[in-house]
Amino acid sequence: QVQLAESGGGLVQAGGSLTLSCAAPVTIFNAMGWYRQAPGKQRELVARITRGGSTTYGESVKGRFTISRDNAKNTLYLQMNSLKPEDTGVYYCNAQGFRYEDYWGKGTLVTVSS
């Protein structure tokens, strides 16, 4: 049973920074990523990193967020800078296996105050 455990969410003022972490066996997946869901909205891609290290970012976070992973620590990270109120939402860690099966964490809440 694959388990993903997010941490690092919280309340931050606009313009501030947060780093999210996802504890997971990162080396066994084809790709991993962060998604978020704001109240009343659909879940959307924030950032994704493939096994080979290629990254993809949602348009609204480009230049502000950085996804990375530490294979030795079995941890996926999301560094979030210049946070905006519209970044508020529940952030989910995602992992995709080689058969394209998806695994999800339970999410961590990020609230950005104006």
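Above: the structure in question.
A brief report on the enclosed structure follows. On a predicted model such as this, the values are computed, not experimentally measured, just so you know.

Tracing the chain through its elements places Glu-6 in strand E1 (residues 5–7). Residues Glu-6 and Phe-65, 59 residues apart in the sequence, show an inter-C-alpha distance of 16 Å. Leave out the neighbours within four places in its chain, and Glu-6 touches Ser-21, Cys-22, Trp-34, Tyr-91, Tyr-92, Cys-93, Gly-105, Lys-106, Gly-107 and Thr-108. In this structure the side chain of Glu-6 is engaged in a polar contact, spanning 2.8 Å, whose partner is the backbone nitrogen of Cys-93. Of note is the side chain of Glu-6, whose polar atom sits 2.9 Å from the backbone nitrogen of Gly-107.

This paragraph deals with the pattern of salt bridges. Tallied over the full model, the rule gives 4 salt bridges. With a shortest N-O distance of 2.8 Å, Arg-64 and Asp-87 are connected by a salt bridge. Taken together, the residues span a long stretch of sequence, with Arg-64 in the loop between strand E6 (55–57) and strand E7 (65–70) and Asp-87 in the loop between strand E8 (75–80) and strand E9 (89–96) at a distance of 23 residues. Of the residues examined, Asp-87 reaches a relative accessible area of 0% and is grouped as buried. Because the salt bridges share partners, they merge into one network encompassing Arg-36, Glu-44, Arg-64 and Asp-87.

A separate point is empty space enclosed by the protein. Applying the stated criterion across every chain yields a total of 1 cavity of 30 Å³ or more. Estimated volume of the largest cavity: approximately 30 Å³. Together, Val-26, Phe-29, Ala-31, Met-32, Ile-49, Thr-50, Arg-51 and Arg-69 line the largest cavity. For the lining of the largest cavity, the secondary-structure elements that each account for two or more residues are strand E4 (31–37) and strand E5 (44–50).

Formed by 26 residues in total, the largest nonpolar core has its most connected members in Met-32, Trp-34, Leu-78, Met-80 and Tyr-91. Listed by contribution, the elements that provide at least two residues to this core are strand E3 (18–23), E4, E5, E7, E8, E9 and strand E11 (108–113). Aside from chain neighbours lying at most four places away, what touches Met-32 is Leu-4, Cys-22, Ala-24, Val-26, Ala-47, Arg-48, Ile-49, Ile-67, Leu-76, Cys-93, Asn-94 and Ala-95.

Scoring rules and cut-offs
Residues numbered from 1 in each chain as written. Predicted model: local features only at pLDDT ≥ 70, side-chain atom pairs only at ≥ 80, totals over all residues. Heavy atoms only, no water. Helix = DSSP H or I, 4+ residues; strand = E, 2+ residues; numbered from the N terminus. Contact = heavy atoms within 4.5 Å. Polar contact = N/O pair within 3.5 Å; in protein donor to acceptor, adjacent residues only side chain to side chain. Salt bridge = Lys/Arg side-chain N within 4 Å of Asp/Glu carboxyl O. Buried < 20%, exposed > 50% of the residue type's maximum accessible area, 1.4 Å probe, protein only. 1 Å grid on protein atoms, 1.4 Å probe; cavity = no way out; pocket = protein on both sides within 12 Å on 5 of 7 lines; lining within 4 Å. Points joined across faces, edges and corners; volume = space filled by probe spheres on them. Core = buried A, V, L, I, M, F, W, Y, C linked by side-chain atoms within 4.5 Å.

None of the figures reported here should be taken as evidence of function without further support.
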